[in-house]
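Letter by letter, the chains look like this.
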Amino acid sequence: MRPRRLELEGFASFRERTVVDFEGADLFVFTGPTGAGKSSLIDALTFALYGAVPRYDDRRLVAPAISQGRQEARVRLDFSLGEELYTAVRVVRKTASGGATTREARLLRGEEVLAANAEDLSARVEELIGLPFEHFTKCVVLPQGEFARFLRDKPKARQDLLVELLDLDLYRRMSQAANARSKSAATQADWRRQRLEQELAGATPAALGAAKVRIAELDALRSEIEAATPLLDKLARQGSLAAEEAQAAHTRAALLEELEAPAEALELAARVERGGVEEGRARAALEKARKAVEVATTRRGRLPEIAATRSALDLYEARGRLSEEVEKSKRDLVLANDEEKDRAAEVAEKRAALADAREEVRKIGQADLAAAVQGDLVVGDVCPVCGAEVESLPHRVGPVDLDRAQTEAERVKSELQASEVRLRQARDAAAAIDALVEDRGRRLLESDELLSKAEPAAELDSMLREIEQADAGKSRAEKIEHDAVAAYTDAGDHLAALEEKREEEWRRLQDARDPLTPLGPPQVPRSDLAGAWTTLMSWAAAELPRHRLEAERHRERARELEQSRSALERKIVDAGETAGLERGDESPHEACAAALAAARQVKERLEEEIDEVERLGEETKLYDVESKVAKSLAKHLGARRFEGWILGRAMQGLISGASQLLLELSSGQYSLALDKKSSQFLVVDHANADETRLARTLSGGETFLASLSLALALAEHVSQLAARGAARLDAIFLDEGFGTLDADTLDTVAAAIEELGARGHMVGLVTHMRDLAERIPVRFEVSKQAGSSRVERVDLAL
């Protein structure tokens with residue numbers, strides 16, 4: 001797995017969208033001050049692949065990855081596996097409960113969607129890279145504080161890690177599968193032996209021979225039955241034919257016996273004749289009534305319509321009423337005009353009285369005002385009205401009743417208003433009556449104009465009486481015609497019913513004669529119903545004895561044929577019972593065919609079972625061999641054997657590779673070894689007579705070199721022994737404190753890392769040490785500005 005491009009936004013300290021382009025960066029460093037966000041870039045890369053952050057204790061804890069003040073974080077990683085390019089995208093959003101969700105996730109290969117949710121994305125990444133999250137953070141991404149864990153782990157923990165890294169559990173599962181395969185094969189062999197001993201115990205050559213003998217016996221019986229079948233069928237057909245002929249003769253005799261003439265047919269002709277006479281009388285009465293209707297209709301047609309005549313008379317009557325209304329309206333108009341004049345005089349009188357009352361109020365008011373002005377004036381005072389000195393006082397005005405005068409004026413005003421209302425009402429009434437006089441006069445003129453073209457009222461009245469008499473005469477004639485039609489219809493229906501009855505009796509005669517047609521009945525005259533019945537009855541009485549005798553003769557023949565057929569059938573049944581057939585409701589031929597089919601099925605089943613016995617015998621031997629081989633394989637694949645050998649080989653390769661690296665990093669002073677008894681890591685001090693001691697005794701800087709050697713060797717060599725093939729590891733990221741190294745050791749470490757990058761691996765470092773960072777070909781300088789981290793790529797000029 002080689003990263004190509006990392007894009008993140010809202011993740012940890014990277015609030016704004018940030019892009020890290022790894023193209024052409026086989027060896028690079030994330031550098032910058034402490035807290036700038038260097039390790040967050042490694043966290044983002046791991047989160048994009050596995051949906052978890054290595055530095056968090058709980059893999060499910062993702063909410064802290066979201067930048068403060070943001071609702072979501074988005075990470076996209078473009079990476080390659082061999083020649084294939086992939087894109088992993090994850091979005092983590094805050095939830096209302098204070099947590100976060102990462103359900104929005106996808107994995108693409110070009111335009112192809114490989115995973116569309118977080119769970120599937122993690123599974124496909126693990127499948128593609130070949131490492132789960134825990135192993136990825138030990139072999140590819142080595143975060144702070146985890147760098148020396150493998151060196152310090154107990155032997156059992158290291159062994160468990162190697163088992164998981166190498167997927168050696170596969171061999172345990174193979175051993176378990178082999179054991180299960182051995183048991184399954186043994187079960188299959190036992191099951192086949194049980195079938196051979198129980199279900200197939202009767203599948204022997206002797207049983208097959210007996211089945212063949214049974215088939216031969218049934219074949220012979222079937223041939224005998226088939227030979228007798230044509231004769232049985234012939235006897236059955238002849239017997240059936242004789243029975244049918246006997247039944248036919250019996251049926252003919254029964255028809256002759258049942259023939260009987262109906263008594264009603266003899267008197268039906270006289271009833272038909274009387275019905276014809278009644279129908280003729282009713283027809284004559286109807287014709288007479290129709291002529292009377294024609295005469296009355298003609299008379300009425302010469303007269304005008306009664307509605308027009310009545311309308312003209314009504315118009316004369318309405319004109320008289322309208323004339324009276326006009327005269328009355330004129331009288332009412334004279335009265336209304338008089339009322340209007342009286343009310344007008346009354347209003348004039350009230351207006352004059354109101355003017356007088358208002359003048360009285362004015363005079364009294366002025367007198368009262370002068371008295372108020374005079375007040376306490378004395379000679380020599382200044383007049384408040386003219387401003388001159390008062391030389392003499394005027395005669396004082398006595399007190400006046402101003403309120404009484406005003407009240408009187410208001411009363412006169414109210415009476416005037418009432419008089420004005422009555423005047424308006426009188427004028428409105430006079431105007432209305434005047435309009436009514438005008439309208440009624442106009443209508444009277446219109447009536448006179450219409451009546452000028454009409455006949456006199458006396459003539460119209462006489463004509464109305466004549467019309468009413470003509471209408472009454474026509475109604476009486478139509479009533480007589482209606483009754484005549486009903487009588488004629490009843491007579492016709494009665495005659496038709498009688499004629500239908502007569503036809504029905506002829507049909508009854510024909511229905512009685514038709515079944516006798518094969519017997520040759522005589523022809524009967526159509527004109528005489530009673531004579532026809534007499535002729536037919538006489539012929540039937542003469543024919544009856546002959547048909548009775550013929551029926552008895554055919555019945556006797558049918559009995560003889562049935563006896564012969566029964567005897568032959570009994571012979572066949574006895575032969576079948578001798579052969580052991582069970583008939584039930586079946587015929588002998590059907591029972592024999594069923595038994596023969598069953599016998600052949602038994603033969604075929606025995607042949608198949610004998611073949612099955614041979615096949616099961618061979619399979620039993622094969623399953624026995626398979627069970628033994630699988631059991632032996634399970635034993636060899638046990639954890640104490642094959643797995644132990646694989647672990648030993650892996651550990652030897654790991655120690656060898658790590659020792660070589662440590663020799664280079666320590667300038668030939670140290671190498672690594674493994675204590676065979678305790679399985680603890682040992683360090684060999686070549687500068688001190690190859691003294692060996694526990695790796696735990698190394699100093700901080702020395703521990704860093706040994707841990708780095710193991711980490712690089714683990715990434716370089718352990719995948720080569722993986723059970724399912726090498727994990728796809730093309731990159732390693734080191735997030736560790738290089739500050740514990742002295743200058744010389746740092747040079748050695750840098751050279752080793754440069755050598756590892758030159759071998760085709762992508763190596764990424766995380767450090768704040770400027771001296772180390774400036775030696776790396778590609779630097780990603782991480783800084784923090786305005787509350788958000790930023791990344792700038794700097795390529796070392798060659």
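Keep in mind the model is a prediction, meaning the values are calculated, not measured.

## Digging into the nonpolar core
Then comes step 1: Counting 54 residues, the largest nonpolar core has Leu49 and Leu107 as the members making the most contacts within it.
Then comes step 2: Residue contributions to this core peak at 8 residues, all from helix α1 (residues 38-50).
Then comes step 3: In contact with Leu49, other than residues within four places in its own chain, are Met1, Leu77, Phe79, Arg90, Leu121, Ser122, Val125, Ile129 and Phe136.
Then comes step 4: Counting residues in each nonpolar core, the second largest holds 35 residues, with Leu698, Phe704, Ile753 and Met769 among its members.

## Quick look at unusual backbone geometry
Then comes step 1: With phi around 55°, Asp690 is a residue other than glycine that occupies positive phi space.
Then comes step 2: If you trace the backbone, Asp690 turns up in the loop between β10 (681-685) and β11 (691-694).
Then comes step 3: On the accessibility criterion, Asp690 (44% relative accessible area) is partly exposed.
Then comes step 4: Despite not being glycine, Ala786 shows a phi value in the positive range, around 55°.
Then comes step 5: Within the secondary structure layout, Ala786 lies in the loop between β14 (778-785) and β15 (788-795).

## Quick word on the packing of aromatic side chains
Then comes step 1: Tallied over the full model, the rule gives 10 aromatic pairs.
Then comes step 2: Ring geometry for Phe28 versus Phe780: centroids 5.6 Å apart, planes at 85°, classification edge-to-face. Here Phe28, found in strand β3 (residues 27-31), pairs with Phe780, found in strand β14; they are 752 residues apart in sequence, far enough to count as distant.
Then comes step 3: Exposure remark for Phe28: the relative accessible area of 0% places this residue in the buried category.
Then comes step 4: Residue classification places Phe780 among the buried residues on the basis of a relative accessible area of 1%.
Then comes step 5: When the centroid spacing of 5.5 Å and the interplanar angle of 15° are considered together, the rings of Phe79 and Tyr86 count as stacked. Of the two residues examined, Phe79 and Tyr86, each falls in the buried class.

## Topic: the packing of α1 against helix α2 (residues 118-129)
The geometry of a pair of packed helices is captured by two quantities: the angle between their axes and the separation between those axes.
Then comes step 1: Contact geometry for α1 and α2: axes closest at 7 Å, N-to-C directions at 105°. With respect to α2, the element α1 is oriented roughly perpendicular. On α2, the residues touching Ala48, Leu49 and Tyr50 of α1 are Leu121, Ser122, Val125 and Ile129.
Then comes step 2: Residue composition of the contact of α1 with α2, grouped by class: 6 nonpolar, 1 polar and no charged.

## A few points about helix α7 (residues 205-258)
Then comes step 1: Compared with an ideal rise of 1.5 Å per residue, which puts 54 residues at 80 Å, α7 spans 75 Å between its outermost C-alpha atoms and is within 8% of the ideal.
Then comes step 2: Considering bend angle alone, the principal kink of α7 is centred on Thr229 and spans about 30°; proline Pro230 follows within four residues of it.

## Observations concerning a negative patch on the surface
Then comes step 1: On the surface, Glu604, Glu608, Asp611, Glu614 and Glu618 cluster together to form a negatively charged patch.
Then comes step 2: Of note, Glu604 is situated in helix α13 (residues 588-636).
Then comes step 3: Relative accessible area serves as the criterion here: at 44%, Glu604 is assigned to the partly exposed category.

## A closer look at the side chain of Glu543
Then comes step 1: Assignment of secondary structure puts Glu543 in helix α12 (residues 529-578).
Then comes step 2: Note on Glu543: relative accessible area 17%, which makes it buried.
Then comes step 3: In terms of polar contacts, Glu543 uses its side chain to reach the side chain of Arg546, at 2.7 Å.

## Digging into the pattern of salt bridges
Then comes step 1: Under the criterion given, the structure shown has 45 salt bridges.
Then comes step 2: With its nearest N and O atoms 3.9 Å apart, the salt bridge here joins Glu287 to Arg290. Taken together, the residues Glu287 and Arg290, both in helix α8 (residues 264-301) and 3 residues apart, mark about one turn of the helix.
Then comes step 3: A salt bridge links Glu346 to Arg422, with the nearest nitrogen and oxygen atoms 2.6 Å apart. Note that Glu346 is positioned in helix α9 (residues 306-374) and Arg422 in helix α10 (residues 402-451), a separation of 76 residues in sequence.
Then comes step 4: Take Arg422: its relative accessible area is 30%, and that puts it in the partly exposed class.
Then comes step 5: The network of salt bridges with common partners includes Arg5, Glu7, Arg17, Arg74, Arg76 and Asp78.

Calculation rules
Residues numbered from 1 in each chain as written. Predicted model: local features only at pLDDT ≥ 70, side-chain atom pairs only at ≥ 80, totals over all residues. Heavy atoms only, no water. Core = buried A, V, L, I, M, F, W, Y, C linked by side-chain atoms within 4.5 Å. Buried < 20%, exposed > 50% of the residue type's maximum accessible area, 1.4 Å probe, protein only. Helix = DSSP H or I, 4+ residues; strand = E, 2+ residues; numbered from the N terminus. Contact = heavy atoms within 4.5 Å. Phe/Tyr/Trp six-rings, centres within 6.5 Å; stacked < 30°, edge-to-face > 60°. Axes fitted to C-alpha atoms, helices over the stretch in contact; angles between N-to-C directions. Parallel < 35°, antiparallel > 145°, perpendicular 65-115°, else oblique. Nonpolar A, V, L, I, M, F, W, Y, C, P; charged D, E, K, R; others polar. Expected span 1.5 Å × (residues − 1). Bend = angle between axes of the 7 residues up to and from the residue. Patch = residues over 30% accessible without salt bridge, like charges linked within 9 Å, V, L, I, M, F, W, Y side chains within 5 Å. Areas by Shrake-Rupley, 256 points an atom, 1.4 Å probe, with all protein chains shown as cover. Salt bridge = Lys/Arg side-chain N within 4 Å of Asp/Glu carboxyl O. Lys, Arg positive; Asp, Glu negative; His and termini not counted. Charge placed at Lys NZ, Arg CZ, Asp CG, Glu CD. Polar contact = N/O pair within 3.5 Å; in protein donor to acceptor, adjacent residues only side chain to side chain.

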